[in-house]
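Architecture and fold: a report
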Amino acid sequence: MTQELTASQRKWYDLAAKHADTFAERAAEYDLKGEFPFENYAEMKESGYTAMPIPAECNGGGADLLDICIAQNRLAQGCGATALAVNMHFGLPFVMTDLRADGFEVDELLTRIADEKLIVFGAITDPQVDSYKGITGMGYTTVKAVKEGNGFRINGRKGFGTNSPAGDLFASSAIYEDPDEGDVGLIFILPINHEGLVCLNDWDTMGMRASQSHSWRLEDVFIEEDHVFKHKPWEWDIYARGLWAWHGGTFGSVYLGIAKAARDFAINQTRDRTRIPFKQPESYYPGHQFLAAEMDIALNAGWAYQKQVAEKLVDVNNRDDATIVDAVAMQYFCMKAAQDVVNKAVDMVGGAALARRLPLERYYRDVRAGTMHPISGFDALELIGKHAFGLHRDVEPRYV
């Protein structure tokens, strides 16, 4: 990867590598205690890493989508939970940058995030809506908005609020049933201390423990109408396409990074290890050589797919239906490939892979989260399959 980097990519890769080496020393403790990596975030804020996707004109890093993928892949090799969490923070600035290019006046918000080193997080996912129909909350949601005076009163519950302990700005969505237009999607960004926002502090999970992705309840939250973005739910508009350029374009790189760390650990752990009665180390075992080959093939294939899609998604004009479906397919493939690589690393290391004192046990748990990112599982396959047959993505019947 590093031999073909542009100057911008090299800059962010080197910064990510520096952070990753430091974060790797803390990852086990944050995971064991289920604590948020505040120290990691302080260092990323100071270095400018958290401002990576914000345009240079708004005092940000000016990184494009592929820059982010390359850096995030390297960061995840040090601490997967930190890489996942900061990737969630990148989402809103990335989409806002898209809107800026389309004429939306968001410079003030983006500049504020960069200058004040703010952390943005979203409780977008609705646990009651499947990933296909919800598109991480940009489509259907059970969170409802009622018109009240010059704004909306919002009630409901959202999940997966990654960065909850460190967040400064809270992003979410709701549905308003307009008497004339029908369902209208509302997207909004609020300060964390906005009245009615309640963190449920319920993140106690097998993997990605340090991401602290708590659920949130919105209790009679009032938002002025001028402070919401409106869109038509389930239409692949500028919001949904921007969301998928970021989500489908970057998340695979995080999990491939975790898998690369697992591969490297397994190789280093077994390279010179010998077992009685064999005279040669385990690196001579044909089985280990076959596992190493399959791991490298999977990682190279995953990264090639990731890079190809990210390069296309950099240009907003390329985000047609076919490319968005490619992004969903790439994410599906990369998440499965990452899990397969970590499974093979566990097979290579053997019983020692279960030891908590070694990082492979954490890699095994963290990589499990990859296949749960929407659009995932059968929902992803349905979207990809319908596209193959030339069917509209929302055609009925579905499964029932």
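Data block above holds the structure.
What you see is a predicted model; the values in this text were computed from it and never measured.

This brings us to the pairing of strand 4 (residues 169-178). Extensive coverage of strand 4 is indicated by the burial of nine of its ten residues. One ladder, built from two bridges, connects strand 2 (residues 144-148) with strand 4; its direction is parallel. For A145, the partnering residue across the bridge sits in strand 4 and is Y176. In the sheet, strand 4 pairs with strand 5 (residues 182-191) via ten bridges, with the strands oriented antiparallel. Bridged to A171 within strand 5 is I189. The turn linking strand 4 back onto strand 5 is made up of three residues.

Looking now at the layout of surface pockets. When its volume is computed, the second largest pocket comes out at roughly 560 Å³. Along the walls of the second largest pocket sit 19 residues, with L109, I189, D226, H227 and F229 positioned nearest its centre. Of all the elements in the fold, those that place two or more residues in the lining of the second largest pocket are helix 6 (107-115), strand 5, strand 7 (214-224) and strand 8 (228-231). Classifying every residue of the lining of the second largest pocket gives eleven nonpolar, two polar and six charged.

This part takes up helix 4 (residues 65-76). End to end, helix 4 covers 16 Å across twelve residues, agreeing with the expected 16 Å (1.5 Å per residue, within 8%). Burial analysis of helix 4 places twelve of its twelve residues in the buried class, which makes it a mostly covered element. Looking at helix 4, one finds that the buried residues are L65, L66, D67, I68, C69, I70, A71, Q72, N73, R74, L75 and A76. At its buried positions, helix 4 is contacted by helix 1 (7-23), helix 3 (38-47), helix 5 (80-101), helix 8 (238-270) and helix 9 (286-313).

Core analysis: the biggest nonpolar cluster contains 85 residues, and Y49, M52, L75, W244, Y255, L360 and Y363 have the highest contact counts within it. With 16 residues, the top contributor of residues to this core is helix 8. Contacts of L360, omitting those with residues within four sequence positions, involve A262, F265, V342, A345, V346, V349 and A353. Counting 19 residues, the second largest nonpolar core, distinct from the first, contains F152, F188, V221 and V228.

Rules used throughout
- Residues numbered from 1 in each chain as written.
- Predicted model: local features only at pLDDT ≥ 70, side-chain atom pairs only at ≥ 80, totals over all residues.
- Heavy atoms only, no water.
- Buried < 20%, exposed > 50% of the residue type's maximum accessible area, 1.4 Å probe, protein only.
- Helix = DSSP H or I, 4+ residues; strand = E, 2+ residues; numbered from the N terminus.
- Pairing = 2+ DSSP bridges.
- 1 Å grid on protein atoms, 1.4 Å probe; cavity = no way out; pocket = protein on both sides within 12 Å on 5 of 7 lines; lining within 4 Å.
- Points joined across faces, edges and corners; volume = space filled by probe spheres on them.
- Nonpolar A, V, L, I, M, F, W, Y, C, P; charged D, E, K, R; others polar.
- Expected span 1.5 Å × (residues − 1).
- Contact = heavy atoms within 4.5 Å.
- Core = buried A, V, L, I, M, F, W, Y, C linked by side-chain atoms within 4.5 Å.

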